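Examination of the molecular architecture
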Amino acid sequence: MKILFLDQSGKPGGAELCLLDIAAPYRQRCLVGLFADGPFKTLLEQRQIPVQVLMQNGLRVRKESGLRQGLMSLGQLAPLIGRVATLAQNYDLIYANTQKALVVGAIASFLSRCPLVYHLHDILSLDHFSRVNRRIAVSLANRATLVIANSEASRQALIEAGGKGDRMVVIYNGFQPDRYCQPAQDRETLRQAWGLENSFVVGHFSRLSPWKGQHILIEALAQCPPQVAAVLVGEALFGEEDYATRLRQQVEDQGLGDRVRFLGFQSDVISLMHACNLIAHTSTAPEPFGRVVVEGMLCGRPVVAANAGGAVELIEPGHTGWLTPPGDAAALAAAIRQCYEQPEEAHRRAIAAQTAASQRFHLDHVNAQILARLQRVLA
């Protein structure tokens, strides 16, 4: 089976990390076509996965873009679509991994008569997409032979927006549990470097973005004992630098400067998670999946997540973690305090979560499911 994978990003987000694991078994007979250059290309090359940057400047259309911006991008799209359609003639199917990849891949699929598979990593709601972009995404997804949704929440949102449920299947993201058991860096060394060796550390791992809710964690931290601190791992992307500035100002206004650390982008997330006492997921809008939730579970860390979207499918409250209402800083603070004040209970939930996640999200099982579905497409 020869696969032409398409992805819009040069930077490794959740969808791109998922694609790394999906494409690896096909490295001898696939190509990953990127719409932008960047560190994601390097990660693919390190895994010995063939990769080609198909355009240098990237597409200017964003999820919130309207009709005018979409029409202005047609000049960029036409040559790219032609290039992808030509490449597709040497492959058995096109595998679109992102929204912009879907647009290009769907038209290229029509031109080349190559089957289209779309991996849905988004919740197609108006919280994230303009009406125009959502309508386009649904129309093109309905042209795909197969749509793989990364959660039931993502699948249901697509159906509610007009997607055809009969060609959709839910397959969660896959992970290699063994990778999360052996941190590369020493826990105490990291905590000393942060100046938080005597603190109860809450870790937040996400790009700095309003809907990722770092401001909710900071607000909750102000309601916790002074021994509770936080590390924010991630940087601002996609023009959201103003939010990062507001977060730092919020920390100063709350008098939390000695309890919050901004660590920026970090490649060794596993070691940093092991150095934390609790992992917090605080998205204010429904999360399509919640990769950081599963990663925290696999690291054996207690996890508190926002009770919406795909995260609801990952955690069993009272058994494998905590769920709190999105945007509710008081409820988040209460969960953090319980974890801080009841370490035995926190440890019990963390171990139960680690066991459950290792079984439910094992990469070998996930890739076997994807292979079976792709074989059906070709059959």
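A brief look at the structure comes next. Owing to the predicted nature of the structure, the values given are computational and were not obtained by experimental measurement.

How each quantity is defined
Residues numbered from 1 in each chain as written. Predicted model: local features only at pLDDT ≥ 70, side-chain atom pairs only at ≥ 80, totals over all residues. Heavy atoms only, no water. Helix = DSSP H or I, 4+ residues; strand = E, 2+ residues; numbered from the N terminus. Buried < 20%, exposed > 50% of the residue type's maximum accessible area, 1.4 Å probe, protein only. Contact = heavy atoms within 4.5 Å. Areas by Shrake-Rupley, 256 points an atom, 1.4 Å probe, with all protein chains shown as cover. Lys, Arg positive; Asp, Glu negative; His and termini not counted. Charge placed at Lys NZ, Arg CZ, Asp CG, Glu CD. Polar contact = N/O pair within 3.5 Å; in protein donor to acceptor, adjacent residues only side chain to side chain. Patch = residues over 30% accessible without salt bridge, like charges linked within 9 Å, V, L, I, M, F, W, Y side chains within 5 Å. Salt bridge = Lys/Arg side-chain N within 4 Å of Asp/Glu carboxyl O. Expected span 1.5 Å × (residues − 1). Arc of directions from axis to C-beta. Pairing = 2+ DSSP bridges. Right-handed = clockwise from strand over helix to strand, strands pointing away. Axes fitted to C-alpha atoms, helices over the stretch in contact; angles between N-to-C directions.

Right, let's talk about the overall build of the protein for a bit. Tallying secondary structure elements over the protein gives 15 helices and 13 strands in all. Taken over 379 residues, the protein has a buried fraction of 56%. Across the protein, the fraction of contacts at a sequence separation of at least 24, relative to all contacts at a separation of at least 6, is 69%. Of the accessible surface of the protein, which amounts to about 16000 Å², a share of 49% is contributed by carbon and sulfur atoms. The positive charge centre, built from 37 side chains, and the negative charge centre, built from 34, are 9 Å apart in the protein.

Attention shifts here to unusual backbone geometry. In most cases, non-glycine residues show a negative phi, while peptide bonds are predominantly trans. Of note in this structure, Gln-48 is not a glycine but carries a positive phi near 60°. In the Ramachandran plot, Arg-113 falls in the positive-phi region, its phi being about 60° despite a non-glycine side chain. Residue classification places Arg-113 among the exposed positions, given a relative accessible area of 64%.

This part takes up the side chain of Ser-109. By secondary structure assignment, the location of Ser-109 is in helix H5 (residues 99-112). Only 2.5 Å separates the side chain of Ser-109 from the backbone oxygen of Cys-114, close enough to count as a polar contact. Excluding its chain neighbours within four sequence positions, the residues that come into contact with Ser-109 are Ile-94, Cys-114, Pro-115 and Leu-116.

So, on to a nonpolar patch on the surface. Residues Ile-107, Phe-110 and Leu-111 make up a contiguous nonpolar surface patch of about 280 Å² in total accessible area. Assignment of secondary structure puts Ile-107 in helix H5.

In a regular helix each residue adds 1.5 Å, so 16 residues correspond to 22 Å; helix H15 (residues 363-378) covers 22 Å between its end C-alpha atoms and thus fits that length. Taken residue by residue, H15 has Leu-363, Val-366, Asn-367, Ile-370, Leu-374 and Val-377 as its buried positions. End-on view of H15: buried residues confined to an arc of 90°, all on one side of the axis. The outward face of H15, more than 90 degrees from its buried face, is lined by the exposed residues Asp-364 and Arg-376. Elements in contact with the buried residues of H15: strand S1 (3-7), helix H1 (14-23), strand S4 (93-96), strand S5 (116-120) and strand S6 (146-149).

The next point concerns the pairing of S5. Of all 5 residues that make up S5, 5 are buried, and the element is covered over most of its length. Burial of the side chains of S5 extends over both faces: Leu-116, Tyr-118 and Leu-120 are buried on one face and Val-117 and His-119 on the other. In terms of strand pairing, S4 meets S5 through 3 bridges, oriented parallel. Bridge pairing in S5 places Ala-96 opposite Tyr-118. Read from S4 through H5 to S5, the crossover connection turns out right-handed. The handedness of the S5 to S6 crossover, carried by helix H6 (residues 131-141), is right-handed.

With that settled, consider the pattern of salt bridges. Counted by the stated rule, this structure contains 11 salt bridges. A single salt-bridge network, built from bridges that share partners, covers Asp-21, Arg-47, Arg-291 and Glu-295.

All right, on to the pairing of strand S2 (residues 30-34) then. Of all 5 residues that make up S2, 5 are buried, and the element is covered over most of its length. Burial along S2 is two-sided: Cys-30, Val-32 and Leu-34 and Leu-31 and Gly-33, pointing in opposite directions, are all buried. Pairing geometry for S1 and S2, over 5 bridges, is parallel. The partner of Ile-3 across the bridge, within S2, is Cys-30. Once you follow S1 into H1 and on to S2, the crossover reads as right-handed. Here S2 runs beside strand S3 (residues 51-53); their pairing, made up of 3 bridges, is parallel. By the bridge assignment for S3, Val-32 is matched with Val-51. With respect to chirality, the unit in which S2 leads through helix H2 (residues 39-46) into the neighbouring parallel S3 is right-handed.

One open sheet accounts for 6 strands, arranged S10-S9-S8-S11-S12-S13; its pairing is parallel. With partners counted over all chains shown, the strands left at the sheet margins are strand S10 (260-264) and strand S13 (322-324), one partner each. Averaged over all adjacent pairs, the angle separating strand axes in this sheet is 25°, with direction ignored. Two strands pair when backbone bridges link them, and strand S8 (residues 200-205) and strand S9 (residues 228-233) are joined in this way by 6 bridges, in the parallel orientation.

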